[in-house]
Amino acid sequence: MRSGFVTLIGRPNVGKSSLVNAFFGRKILIVSDKPQTTRNRIRCIYTDEENQIIFTDTPGIHKPIHRLGEFMVKAAIQAMKGCDLILFVVDSSKGFGEPEMRMCELVKTSQTNTFLVVNKIDLVDDYLQIAEVTKDRCGVFSKVFFTSVIKNQGIIELFEAIKLSLPEGPMYFPSQMTTDRPISFQAAELIREKILLLTREEVPHCVAVIVDQVIEKEEGILYIAATIYVERQSQKGILIGKAGSMIKQIGTLARMEIESVVNKKVYLDLHVKVKKNWRDKDFIILNEIGMKDEIE
Ligand SMILES: Nc1nc2c(ncn2[C@@H]2O[C@H](COP(=O)(O)OP(=O)(O)OP(=O)(O)O)[C@@H](O)[C@H]2O)c(=O)[nH]1
Ligand SMILES: [Mg+2]
C-alpha cells in the first residue's frame, strides 16, 4: 500500500480545512469565513484498500500579535517537519503577499515535495496569474493544481496526484480512525465553529472553548460540559444574548453536530467565563486548547 503524511499550509482563510473535508467527502474539520479558524495541528486519516493518507491541517501562517498567534504559527511550521508532501495553498482572489513569502522560505528549507494549490478559482477569472507569480517567486513546486471546493472543481485530480506521490509504506493508523483528536476536542471545535458562525468582529477571535467533562449517562446519553472563555464582560453578554437566546442557539447547533459525530443523544451544558487577555497570558487555557506541545 501507499502511505504517508501530507501537510497543508497557507495564510488564514484560503480553504485548507475545506480542502481536507472535500477529500473525505464529508465534514471532519471546522470551517468558517473568519480567518484563524484552525488553531492547531489536526491529523485527519484517510484509508482505503490501497492508500493511507495522513493529512495534517494547520493554522494559517500570519504575523502574530498574541501568544496564541505565535503558538499557532509555530504549530504550522512544526507540522511541515518530516512529512512526505506539502500542499502550499493560496487563495486566487488574494494574490501573493507576506505570508506566501514566508511559506516559500519554509518550503525551500524543508526540501520536501510540494504541490501548489490555487484554491477558490470560482472567485476570479484570472487565477493563472497568482500561479505564475507564486511559481516565479518560489520555484519549488513539483505540480500545480487549480481547485474550487465550493464548485467541486479540481479536487479529484489533486486527490489522485496526492495518492500517487506517496511512497510504499505501512498502515500508520487503524483503518477506522479518522482523526487523532479525542471527542472532547472535536466537541470544543464544533462549539467554537458555531460561535464563529453566529458572532462577528472581535468576538470570534477572543473565544476559547474547553470541554470540562464527557460522561456516558445510563440512558444512552452523552453528557458534555464545556466552558466558553472570552476576554471581556461585554463579550460574555454577546455570547449569552437576550434572555440567553444566543447561547441557546450555539448550544442547539453544536449539539446536533456532536450527536452526528458520536451517533448518540448528547446533553450539552455550556458556561461562559471571562478571563482577561487569555490569548497572551493564560497558560492553563492555552494548554487546554492543545497548545501544550508548542509551549514546551
Ligand atoms: N468561494 C470559495 N470559497 C471557499 C472555497 N474553499 C473554501 N472556501 C470558503 O473559505 C472560507 C475559509 O475556509 P477554511 O477552510 O476555514 O479556510 P482555512 O484555510 O482552513 O482557514 P484557517 O483555519 O483560518 O487558516 C470558508 O468560508 C469556506 O467556505 C472555494 O473554493 N471557493
Ligand atoms: Mg482551517
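Counting of residues starts from 1 at the beginning of each chain's written sequence and follows it residue by residue. Lettering of chains starts at A and numbering of ligands starts at 1, both following the order in which they are written. Predicted model: local features are reported for residues with pLDDT of at least 70 only, side-chain atom pairs are reported and counted for 80 or more only, and whole-chain, interface and lining totals are derived from all residues. Hydrogens and water molecules were not included; the side-chain quantities draw on all heavy atoms of the structure.

Chemist: What's the story with the pattern of salt bridges in this structure? I'm lost.
Modeler: Close approach of charged atoms allows side chains with opposite charge to pair. Should a side-chain nitrogen of Lys or Arg be within 4 Å of a carboxyl oxygen of Asp or Glu, the pair is scored as a salt bridge. Enumeration over the complete set of coordinates arrives at 16 salt bridges. When the shortest N-O distance is used, the salt bridge between Glu193 and Lys194 registers 3.0 Å. For the residue pair Glu193 and Lys194, the accessibility class agrees, reading buried in each case. The shortest N-O distance in the salt bridge between Glu257 and Lys194 comes to 2.8 Å. With Glu257 in helix α8 (residues 245-262) and Lys194 in helix α6 (residues 183-198), this residue pair connects regions lying 63 residues apart in the sequence. Salt bridges sharing partners connect three or more residues here, namely Lys27, Glu193, Lys194 and Glu257. Exposed residues in this analysis have more than 50% of their type's maximum accessible area, buried residues have under 20%, and partly exposed residues fall in between, with area computed by a 1.4 Å probe over protein chains only. Going along the chain from the N terminus, every DSSP run of H or I of four or more residues is numbered as a helix, and every run of E of two or more is numbered as a strand.

Chemist: Just to check I follow, could you spell out the environment of Lys16 for this structure?
Modeler: On the secondary structure map, Lys16 appears in helix α1 (residues 16-24). Between N or O atoms, a polar contact is any pair within 3.5 Å; within protein, one atom must be a potential hydrogen donor and the other a potential acceptor, and residues adjacent in sequence are included only when both atoms are from side chains. In this structure the side chain of Lys16 is engaged in a polar contact, spanning 3.3 Å, whose partner is the backbone oxygen of Gly10.

Chemist: Help me understand the coordination of the magnesium ion (ligand 2) in this model?
Modeler: Here a donor is an N, O or S atom found within 2.8 Å of the metal, or within 3.2 Å if the metal is Na, K or Ca; sites may look incomplete because water is not among the atoms. Protein-derived ligands of the magnesium ion (ligand 2) are Ser17 (OG) and Thr38 (OG1), with the metal-ligand distances lying across 2.0 to 2.1 Å. Of this pair, Ser17 sits in helix α1 while Thr38 sits in the loop between α1 and β2 (42-47), placing them 21 residues apart in sequence.

Chemist: Can you walk me through the environment of Ala188 in this structure?
Modeler: As for its placement among the helices and strands, Ala188 is situated in helix α6. The exposure class of Ala188 is buried, given its relative accessible area of 9%. C-alpha separation for the pair Ala188 and Ile156, spaced 32 residues apart in sequence, amounts to 31 Å. Any pair of residues with heavy atoms lying within 4.5 Å of one another is described as a contacting pair. Excluding anything up to four places from it in sequence, Ala188 contacts Val209 and Val211.

Chemist: It is not clear to me how the packing of helix α7 (residues 233-240) against α8 should be interpreted in this structure. Could you clarify?
Modeler: The relative placement of two packed helices comes down to the angle between their axes together with the axis-to-axis distance. Between α7 and α8, the shortest axis-to-axis distance is 4 Å and the interhelical angle comes to 65°. Touching Ile238, Leu239 and Ile240 of α7 are Ser245, Met246, Ile247 and Ile250, all from α8. When its residues are assigned to classes, the contact of α7 with α8 shows 6 nonpolar, 1 polar and no charged. With axes taken as lines fitted to C-alpha atoms, and helix axes fitted only over the stretch in contact, angles between N-to-C directions fall between 0 and 180 degrees. Each residue gets one label: Ala, Val, Leu, Ile, Met, Phe, Trp, Tyr, Cys and Pro are nonpolar, Asp, Glu, Lys and Arg are charged, and the others, such as Gly, are polar.

Chemist: Could you clarify how one ought to interpret unusual backbone geometry in this entry?
Modeler: Trans peptide bonds make up most of the peptide bonds, and negative phi angles are found at most residues other than glycine. Although it is not a glycine, Ala243 adopts a positive phi angle of roughly 50°. Tracing the chain through its elements places Ala243 in the loop between α7 and α8. Even without glycine at this site, Asn263 takes up a positive phi of about 60°. Considering the arrangement of structural elements, one finds Asn263 in the loop between α8 and β9 (265-274).

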